Amino acid sequence: MFAYLIAASAFVQVAGERPTLDQAQRCSAIAHVASMADAENEDLFQADLYWSLAATEIARDADVTDRDFAAAQDRARTAAASGDKAALDACLRAVPSLLNGRG
């Protein structure tokens, strides 16, 4: 697990085209809601972890305050509660294959 966290963090730092903070927070929220609904699904867990780390890393690089970050995450989770399957699929596809066991 720790190795996964290091790899995910490193990937977010060196990725050629990083998502925007809004995109990362949206995918983090969508993956989190889906992972909570299906706790046995390893792909959802990995996506939740990846997007959470990505959003945190991007926010830190942009000097977003903890308060603003938490408020945006809350808004994203509220929006994600609708269960948009197409959005979840897009977020899952965007997780780097080397991090989610498909590579």
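Let me begin by describing the structure that accompanies this report. (Residues numbered from 1 in each chain as written. Predicted model: local features only at pLDDT ≥ 70, side-chain atom pairs only at ≥ 80, totals over all residues. Heavy atoms only, no water.)

1. A closer look at the side chain of Gln73
Phase 1 of the analysis: On the secondary structure map, Gln73 appears in helix H4 (residues 66–80).
Phase 2 of the analysis: Owing to a relative accessible area of 6%, Gln73 belongs among the buried residues under this scheme.
Phase 3 of the analysis: Not counting residues within four places of it along the chain, the set of residues in contact with Gln73 comprises Gln25 and Ser28. (Helix = DSSP H or I, 4+ residues; strand = E, 2+ residues; numbered from the N terminus. Buried < 20%, exposed > 50% of the residue type's maximum accessible area, 1.4 Å probe, protein only. Contact = heavy atoms within 4.5 Å.)

2. What to know about H4
Phase 1 of the analysis: Over its 15 residues, H4 runs 21 Å from end to end, which matches the ideal 21 Å to within 8%, given 1.5 Å per residue.
Phase 2 of the analysis: The set of residues buried in H4 consists of Phe69, Ala72, Gln73, Ala76 and Ala80. When H4 is viewed along its axis, its buried side chains cluster within an angular range of 105 degrees and face the same direction. Looking at H4, the residues exposed on the side facing more than 90 degrees away from the buried face are Arg67, Arg75 and Thr78.
Phase 3 of the analysis: Residues of H4 that are buried make contact with helix H2 (21–37) and helix H3 (42–61). (Expected span 1.5 Å × (residues − 1). Arc of directions from axis to C-beta.)

3. Observations regarding the nonpolar core
Phase 1 of the analysis: Membership of the largest hydrophobic core comes to 23 residues, with the highest contact counts inside it found for Ile30, Ala47, Trp51 and Leu88.
Phase 2 of the analysis: Of all the elements in the fold, those that place two or more residues in this core are H2, H3, H4 and helix H5 (85–94).
Phase 3 of the analysis: It is H3 that provides the largest number of residues to this core, a total of 8 residues.
Phase 4 of the analysis: Among all residues touching Ala47, those that are not within four sequence positions of it are Ala31, Leu92 and Val95. (Core = buried A, V, L, I, M, F, W, Y, C linked by side-chain atoms within 4.5 Å.)

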